[in-house]
Every structure is written in C-alpha cells, then in structure tokens.
Amino acid sequence: METRQRGPRLPAAGTALALALLTGCTSGSGSASAGEYEEVVIAVPAWAGGQANAAVAAHVLREELGVHVRLRSLTQNQAWDLLGDGSVQAILEDWGALPEKRRLYTAQRMSVVAAGELGPTGSVGWYVPGEVADTHPGVLEWEKLNDFTGLFSTDETDGRGRLLTGDPADASHDAALIDSLELDYTPVASGGEEQLIEALRGAARGGSPLLAHWWQPHWLHEELELAEVELPPHTAGCHREGGSDACGYPEIPLRKFLNAGFAENGGRAAEFLADFSWSAEEQNEVARMIAAEGMTPEGAAARWAEENADRVAQWLPAD
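As the structure is a prediction and not an experimental result, all values here were calculated from the model.

### Some details on the overall build of the chain
Then, in step 1: Broken down by element type, the chain carries 13 helices and nine strands.
Then, in step 2: Buried residues in the chain amount to 50% of all 319 residues.
Then, in step 3: Total accessible area computed for the chain in this model is approximately 14300 Å², and 45% of it derives from carbon and sulfur atoms.

Written out as structure tokens, the structure is:
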C-alpha cells in the first residue's frame, strides 16, 4: 500500500542491526556474499509497489552480489511470522499495519531487527474520481458524506453508501472510522489491488460515482485524476485499543525489517538490504512496468537496473 522522509526516528533495534552488519561478512556453506546463508528469502506483498521493491532488490542480489534469492508471496501476517522464525530474511515494505507483530518479534522475542526506511512515505485515505469531486461540491468533506450515500450506494449495500476496498486480508481501519464518524457507509472488498484499479479506471472513464480506499505512492495517480476526501487528522492514540478511532490515517514512513540472525550473519547481502532505499518516483516507475505494461517483475527490474546503473552502484557495499 503504500505514497504516500517525515517519520519518527528508527527504534533502537536499528542500532543493533548496524552493529550486526559490522560482523556480518562471515562466509559459510552458501554464497560468501550472503554470509552463512545459501539462499535469501524476501517476502513479497500483493501490491505492485511491494513487488517492485522485491524484484529490484532480488535482481541486485543475484546479478551484482551472486546471491541465490527466492521471493515468496505472503500476506502481511504470514510475512511477519516467517520473518520471526527465520524462514524469511527480509520484509522490504512495512506500512505499520500490524504493530502487535512488530512488538512481538522486535521487542519481545528480538528475532527481528529494524533495517531503516525504504524511502517513500505512505498515506492511505478515501478517494473519488476528480470529475465526481467537480460535479458534487462537498463530497471531499467527510462531514457531508452522508449527504451522498445515495450517490455511492449499490444493490449490495442496501441503501447505504459503498466504500470500495481492496483485498479483504488487508489491514485497515475503515469500518472503525465509519462507525466513529457515524457515516452511513459499508466497506465492500473488491478482491485486490488489480480489481480496485479497474474499478477506479472505469469510474474515471465514465464519470461514475465511486468512493474508494486508496493510497500513495502509486503509479495510478499519474494516469488518473483522483481527489482525496479530507478525513479528520490523525492523532496519537488513534486506532489503538482504548483510543479514539475518530481520525484518519497517518503518514507512514515505509520501513524495512530483517531477521536478526540474517542481519548478523548475512554478510554483504544483509548489508545491501539495509542500505537499499529509493524514491516513490523510482518505485512507481518499476511498479508501472509490472502492473500497467504487463512486464514480469524480473523483466521490469532488469530493465530499470540497466537504465539506472549509477543508482544501483550507490547501493552496493564496499568490497
């Protein structure tokens, strides 16, 4: 999901990673560049931006460092659990949607360490096609959304407005936010990012009303004019147990995490993944090749790396 660097300082675990990397060049039975690891497993989320991160990182590991890499498509829950037990070595784009998992593995079990920020800042919100915002003044003010329930209602929502979302497995606060703001809307899952993109494209082409859960950074913003509803500002304690849910989503510096054993013994591969960061524009460029141009993630990563050799060189650890 994310959009979309203004975040808090890295937790203390980031210091542990830096110290671990100083001794992380031990060679073992696998590639010397991966220290004691014969293979590096990277978690891949369902969204195109996350696929772009993993594909480019995997390309650099294989082609520049000679590391065997395996990419695993996982839900956010699965990724954290497998990172914690060492079955996965890296998560490259965490949106902070599962704070209880982060606390469990970084603070309690200490089997995962923070590996710095990816680069983009993510933001989540509710969007309508630009033409809908122009045609219906007030629709971008959350206080007036109940005036437009008829505009956004469908047969499946039985008169309530529909908020179209993506994958039902995605972590979100939409239902709680709707309840706390006393909005007459129902979240309806489209099935995933691809289905949500098609719905947004269809609405934009036809000028049809659509209220959708959406995010930045995303390459689709370069193709479609989308207008964001102004939700209440995010404050400390929002969306936490016992806290107020009457607030929108925060801006989220997207973060990386490594398995602690890999961070200590993963050699240059671990060092590279800790150093790997890029801009939202760079991520969007590769994500568009994958999602909009139909390229394989491997092909998109190879093309981008070839066209940006100087950028790739900046990430490589010193010999």
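### Describing the packing of helix α2 (residues 48-65) against helix α11 (residues 280-291)
Then, in step 1: Contact geometry of α2 with α11 gives a least axis separation of 8 Å together with a crossing angle of 105 degrees. Between α2 and α11, the interaxial angle falls into the category roughly perpendicular. Contacts between α2 and α11 involve Ala48, Gly49, Gln51, Ala52, Asn53 and Val56 from the former and Gln283, Val286, Ala287, Ile290 and Ala291 from the latter.
Then, in step 2: Considered class by class, the residues forming the contact of α2 with α11 number seven nonpolar, four polar and no charged.

### Considering unusual backbone geometry
Then, in step 1: Residue Pro217 is reached from Gln216 by a cis peptide bond, and omega for that bond is 5 degrees.
Then, in step 2: Tracing the chain through its elements places Pro217 in the loop between β7 (212-216) and β8 (226-228).
Then, in step 3: The backbone of Asp158 shows a phi angle near 55 degrees, a positive value even though the residue is not glycine.
Then, in step 4: Of note, Asp158 is situated in the loop between α6 (149-152) and β5 (161-165).
Then, in step 5: Asp158 gets classed as exposed once you look at its relative accessible area, which sits at 70%.

### Structural notes on the packing of aromatic side chains
Then, in step 1: The final tally for this structure, using the stated rule, is ten aromatic pairs.
Then, in step 2: Centre to centre, the rings of Phe152 and Tyr185 are 6.4 Å apart; their planes meet at 50 degrees, and the pair counts as tilted. Taken as a pair, Phe152 in helix α6 and Tyr185 in strand β6 (residues 185-189) lie far apart in primary sequence, 33 residues in all. Accessibility assignment for this pair places Phe152 and Tyr185 in one class, buried.
Then, in step 3: Between Trp304 and Trp315 the ring centres are 5.9 Å apart and the planes differ by 15 degrees, which places this aromatic pair in the stacked class. You can see Trp304 sitting in helix α12 (residues 297-307) and its partner Trp315 sitting in helix α13 (residues 309-315), a full eleven residues away along the chain. Trp315 matches Trp304 in its accessibility class, with the two residues each being buried.
Then, in step 4: Each member of the aromatic cluster is reached from another via a ring pair, and the members are Phe272, Phe276, Trp278, Trp304 and Trp315.

### Observations regarding the environment of Ala212
Then, in step 1: Along the chain, the position of Ala212 falls in strand β7.
Then, in step 2: Between the alpha carbons of Ala212 and Pro187 there is a distance of 9.0 Å; along the sequence they are 25 residues apart.

### Brief notes about the side chain of Asn284
Then, in step 1: Here Asn284 lies in helix α11.
Then, in step 2: What makes Asn284 buried here is its relative accessible area of 10%.
Then, in step 3: Separated by 3.3 Å, the side chain of Asn284 and the backbone nitrogen of Trp219 make a polar contact.
Then, in step 4: In this structure Asn284 touches Pro217, His218, Trp219 and Glu222, once residues within four positions along its chain are discounted.

### Details of α11
Then, in step 1: End to end, α11 covers 16 Å across twelve residues, agreeing with the expected 16 Å (1.5 Å per residue, within 8%).
Then, in step 2: Buried residues in α11 make contact with α2, β3 (90-94), β4 (112-129), α12 and α13.

Reading guide: rules and limits
- Residue numbering note: each chain is counted from 1, following its sequence as written.
- Local features in this predicted model are restricted to residues whose pLDDT is 70 or higher, and side-chain atom pairs enter the listing and the counts only when it is 80 or higher, whereas totals over whole chains, interfaces and linings include all residues.
- Where side-chain values are given, they derive from all heavy atoms of the structure, hydrogens and water being excluded.
- Here a strand is any run of E in DSSP of at least two residues, a helix any run of H or I of at least four, and the numbering for each starts at the N terminus.
- Note on classification: 1.4 Å probe, protein chains only; a residue is buried when its accessible area is under 20% of the maximum for its type, exposed when over 50%, partly exposed between these limits.
- To measure how exposed things are, a 1.4 Å probe is used in the Shrake-Rupley method; for residues, cover is taken only from the protein chains shown.
- Axis definition: a line fitted to C-alpha atoms, limited for helices to the stretch in contact. Angles are taken between N-to-C directions and run from 0 to 180 degrees.
- An angle counts as roughly parallel when it lies under 35 degrees, as roughly antiparallel when it exceeds 145, as roughly perpendicular when it falls between 65 and 115, and as oblique in every other case.
- Every residue pair with non-hydrogen atoms within 4.5 Å of one another is taken to be in contact.
- In the scheme used here, Gly and all other residues not listed as nonpolar or charged are polar, with Ala, Val, Leu, Ile, Met, Phe, Trp, Tyr, Cys and Pro taken as nonpolar and Asp, Glu, Lys and Arg as charged.
- Aromatic pairing here means that ring centres of Phe, Tyr or Trp (its six-membered ring) are within 6.5 Å. Orientation follows from the plane angle: under 30 degrees is stacked, over 60 is edge-to-face, and everything else is tilted.
- Within 3.5 Å is the distance limit for a polar contact, defined as a pair of N or O atoms, with the added protein rule that one can donate a hydrogen and the other accept it, and that residues adjacent in sequence qualify only through two side-chain atoms.
- Multiplying one less than the number of residues by 1.5 Å gives the expected span of a helix.

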